[in-house]
Amino acid sequence: MKPTVAFGLASFLASRGLATDLLTPEKIETDVTTEELQRNLWNFNYIADRNGGNRAFGLPGYKASVDYVLERLQRPDFHKFTSWVQPFNHTFNQVRSISVTGPDGEDVEVVALIYNPGTPLPDGITAPLIDTPVDDERGSGCFEDQWEGIDATGRIALVKRGACAIADKLRLAKTHGALAVILYNNAEGRPIQATLGAESIGQVVPVGTIRIEVGEAWKERLAADEEVVVNLTVDAVFEERETWNVFAETKEGDPDNVVMLGAHLDSVQAGPGVNDDGSGSSALLEIATAFRRYDGLRNRVRFAWWGAEESGLVGSLHYTSNLSPDEADRVRFYFNYDMIGSPYPVFAVYEGDNPADSFGARRLHDHLTSHGYPAYYGAFGTSSDYVGFLELGIPSSGLFTGAGAPAAPCYHLACDTTENIDADALTANARAAGVVAAQLALDSLEGLPRRADATVNLRHRSRIGRQFDRWRRAAEFAAVEKSCSAHGEKVRTV
Ligand SMILES: *[C@@H]1O[C@H](CO)[C@@H](O)[C@H](O)[C@H]1NC(C)=O
Ligand SMILES: *[C@@H]1O[C@H](CO)[C@@H](O)[C@H](O)[C@H]1NC(C)=O
Ligand SMILES: [Zn+2]
């Protein structure tokens, strides 16, 4: 019944020359198209191409991505929306070059980590290796007792990857006197890339990651009492940079009942981030573009394009930790859309411990399955922008099509381009996200409990507050390092 009534009213008003067209989930579904979703992806890829191959925090490709989204949101046809940016600062790091020269003068394939400390330049660190031979079920170099009897003073520690955070291995290496660490892989394949987190600044030694074959060969030579001298040279920049979250919100709808959708707008430095997370950013743009035409919203809908997600969920944590308890209470549901167009997609629908999550999760799941997609419920992890919302006790869900092989082998790599997308999955997920946003925008929300009480908020604020304190200390340390860095070489900005 309802759609017919709504349609009748809309056409009546339209015939009177009033541009009133009432929102329905079906209209949003029709308005979100593969062509426009892909056009955004093409543009994100182009932005990366023109800006050094990425759209990462602190670099020009991110600024251009923000401009791209704002240009759309500030067009005259978005007059039913308000949009704004939220600036914040974070420690930026970029490794401009890294090299490892082996004991026979050979050039070794090496990868730097994010927040990798630099070495002195131009000489680097040249020192004999020392092995960390204990390798048990708790990993290698992860615990104090695994370093017992190892005096790494003046040496470069050879450590195997796995089992614990790399930053923990590097902290222990530092306390045992090591000048640097060579981290070898625990499986075949290219040396790994990972982040040490800004909070590690000042606590860890420079590191280079290498292949398992090379690491094991050097380990054997050390076991035979050979001296193995290597050179690690890392040219790294650290500095505070400004970045932004971008928001758009419908003017219509009850401001005390806000439905939020979020996707991160930054990529890693290694690539253009078309699937991660151009896919979610594009979906939000198209859903907002669809919403801009319609009236009759009962609840407000707020879209967020997060900054610096790849540096540790920094933008979304900045936002959630600065919400007052009242502002947090008004957010009735949060949907996270990060990697929703993987080339060999799974169709995960997030659902957590909060029974209220199913209010949104069930709708996403049912929409996808009714269109023939094999949706299933999956637990939240700790690695996307839902974290701050979960900690506030806000009911949450979202979609995810998988990261890493086999779902998305180009995850965090230069090949995360427009080729790295399943357009059908992206369209299905963007439509599901749009339909469910419209359903919640029109709903009484009577069956949806408000977020868990203010103690959650306090806990969140103190935990996130501690995280921001760590980042602040790291930033201060980085600023001091910078002023006396790199043998007088001026730190260039990029
Ligand atoms: C970021 O840092 C710059 C320079 O230190 C400062 O001028 C600016 O106000 C800071 N921005 C924010 C949002 O804190
Ligand atoms: C270490 O390697 C760097 C980069 O290849 C080189 O410039 C430097 O001279 C080397 N240091 C020593 C002591 O060989
Ligand atoms: Zn992502």
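Residues numbered from 1 in each chain as written. Chains lettered and ligands numbered in written order. Predicted model: local features only at pLDDT ≥ 70, side-chain atom pairs only at ≥ 80, totals over all residues. Heavy atoms only, no water.

Per an unreviewed UniProt entry, the protein goes by the name Peptide hydrolase and belongs to Monosporascus ibericus.

## Thoughts on the overall build of the protein
Counted only if it meets this: For the purposes of this entry, the term helix denotes a DSSP run of H or I that reaches at least four residues, the term strand denotes a run of E that reaches at least two, and both are numbered from the N terminus. Pairs of residues are marked as contacts when any of their non-hydrogen atoms sit within 4.5 Å. In these tables, accessible area is a Shrake-Rupley quantity obtained with a 1.4 Å probe, and a residue counts as shielded only by the protein chains included in the view.
A count of helical and extended segments in the protein gives 13 helices and 13 strands. Partitioning the contacts of the protein with sequence separation of at least 6, the portion at a separation of at least 24 is 84%. Carbon and sulfur atoms form 52% of the exposed surface of the protein, whose accessible area is close to 20,500 Å².

## As for empty space enclosed by the protein
Applicable threshold: The rule is simple: put a 1 Å grid over the protein atoms alone, call a set of points where a 1.4 Å probe fits but cannot get out a cavity, call an open set with protein on both sides within 12 Å along at least five of seven lines a pocket, and count a residue as lining if it has an atom within 4 Å of a point. Grid points are joined across faces, edges and corners, and a volume is the space filled by probe spheres set on the points. Note on residue classes: Ala, Val, Leu, Ile, Met, Phe, Trp, Tyr, Cys and Pro are nonpolar, Asp, Glu, Lys and Arg are charged, and everything else, Gly too, is polar.
Taken as a whole, this structure holds 1 cavity of 30 Å³ or more when the rule is applied. Here the largest cavity is characterised by a volume of approximately 120 Å³. Considering the residues around the largest cavity, the lining is formed by Ala56, Phe57, Phe92, Asn93, Ile114, Tyr115, Asp266, Ser267, Val268, Gln269, Glu310 and Ser311. Considering only residue class, the lining of the largest cavity consists of 6 nonpolar, 4 polar and 2 charged.

## Structural notes on the site of ligand 2
Short version of the rule: Residue proximity to a molecule or strand is established when one non-hydrogen atom of the residue lies within 4 Å of it. Each polar contact in these results corresponds to two N or O atoms within 3.5 Å; when the atoms are within protein, one needs to be able to donate a hydrogen and the other to accept it, and residues that are neighboring in sequence are counted only if both atoms are side-chain atoms.
The immediate surroundings of ligand 2 are formed by Ser99, Pro122, Asp123, Thr126, Asn231 and Thr233. At 3.2 Å from an oxygen atom of ligand 2 is found a main-chain nitrogen or oxygen belonging to Pro122. Between ligand 2 and Asn231 there is a distance of 2.5 Å, counted from an oxygen atom to a side-chain nitrogen or oxygen. Notes on ligand 2: free accessible area 360 Å², of which the protein chains cover 48%.

## Looking at the coordination of the zinc ion (ligand 3)
Defined as follows: Donors, by definition, are the N, O and S atoms found within 2.8 Å of a metal, the threshold being 3.2 Å for Na, K and Ca, and water is not counted, so a site can look incomplete. Just to be clear on the cut-offs, tetrahedral is four donors with all angles between 85 and 135 degrees, square planar is four donors and octahedral six with opposite donors over 155 degrees apart and all others between 65 and 115, and anything else goes down as irregular. Throughout, exposure labels follow a simple rule: accessible area from a 1.4 Å probe, protein chains only, divided by the maximum for the residue type, with under 20% read as buried, over 50% as exposed, and the rest as partly exposed.
Bound to the zinc ion (ligand 3) are the protein donor atoms His264 (NE2), Asp276 (OD), Asp338 (OD) and Asp338 (OD), situated 1.9 to 2.6 Å from the metal. Here the zinc ion (ligand 3) is ringed by 4 donor atoms whose angles at the metal span 53 to 145°, and the overall shape comes out irregular. If you list the donors of the zinc ion (ligand 3) from N- to C-terminus, the spacing comes out as H-x11-D-x61-D. Residue His264 is found in strand β8 (residues 254-264), and its partner Asp276 is found in helix α7 (residues 274-291); the two are separated by 12 residues along the sequence. Of the two residues, His264 and Asp276, both sit in the buried class.

## Some points on the environment of Glu213
Turning to its location among the elements, Glu213 is positioned in helix α6 (residues 212-223). Distance in space between the C-alpha atoms of Glu213 and Gly189 is 9.4 Å, their sequence separation being 24 residues.

## Some words on the pairing of strand β10 (residues 331-337)
Operational definition: Any two strands with at least two DSSP bridges between them are considered paired.
The buried fraction of β10 is high, at 7 of 7 residues. Both β8 and β10 contribute to a ladder of 5 bridges, which runs parallel. Bridge assignment links Val258 to a residue of β10, and that residue is Val331. Pairing of β10 with strand β13 (residues 396-400), which is carried by 4 bridges, proceeds in the parallel orientation. Paired with Tyr337 across the bridge in β13 is Leu399.

## A word on the pattern of salt bridges
Going by this rule: Salt-bridge detection follows one rule: a side-chain nitrogen of Lys or Arg within 4 Å of a carboxyl oxygen of Asp or Glu.
The full count for this structure, using the stated rule, is 24 salt bridges. Ionic pairing is found between Lys80 and Asp295, a salt bridge with its closest N-O pair at 3.3 Å. Here Lys80 is found in the loop between α4 (60-73) and β1 (81-101), whereas its partner Asp295 is found in the loop between α7 and β9 (299-306), with 215 residues between them in sequence. A residue is classified by how much of its surface remains accessible, and Asp295, at 16% relative accessible area, is buried. We note a salt bridge from Arg300 to Glu249, for which the minimum N-O separation is 3.2 Å. Residue Arg300 is found in strand β9, and its partner Glu249 is found in strand β7 (residues 229-250); the two are separated by 51 residues along the sequence. Residue classification places Arg300 among the buried residues on the basis of a relative accessible area of 17%. For Glu249, a relative accessible area of 8% corresponds to the buried category.

## Considerations on the state of the cysteines
Our working rule: Only a pair of cysteine sulfur atoms within 2.5 Å counts as a disulfide in this structure description.
In the structure shown here, the tally under the stated rule is 2 disulfides. Disulfide partner of Cys410: Cys415, at an S-S distance of 2.1 Å. On the S-S bond that ties Cys410 to Cys415, the torsion sits near -110°, and the link is left-handed. What makes Cys410 buried here is its relative accessible area of 15%. Assessed through its relative accessible area of 34%, Cys415 is described here as partly exposed. With cysteine numbering restricted to those in disulfides and following the sequence, the protein has the pairing 1-2, 3-4.

## Quick word on the packing of aromatic side chains
What counts is decided by this rule: Pairing of aromatic side chains here covers Phe, Tyr and the six-membered ring of Trp, requires ring centres within 6.5 Å, and sorts the geometry by plane angle: under 30 degrees stacked, over 60 edge-to-face, intermediate tilted.
If you walk through the whole model with that rule in mind, you get 22 aromatic pairs. Ring plane angle 70° and centroid distance 6.1 Å describe the contact between Phe57 and Phe92, whose orientation is recorded as edge-to-face. Here Phe57 is found in the loop between α3 (34-50) and α4, whereas its partner Phe92 is found in strand β1, with 35 residues between them in sequence. Of the residues examined, Phe57 reaches a relative accessible area of 4% and is grouped as buried. Residue Phe92 is classed as buried on the basis of its relative accessible area, which comes to 1%.

## Structural notes on unusual backbone geometry
Across the junction of Leu121 and Pro122, the peptide omega takes the value 5°, indicating a cis bond. Take Pro122: it is sitting in the loop between β2 (107-108) and β3 (125-131). The residue after Asp276, namely Asp277, is reached through a cis peptide bond having omega 0°. Relative to the elements of secondary structure, Asp277 occurs in helix α7. In this model, Asp225 sits at a positive phi of 65°, which is unusual for a non-glycine residue.

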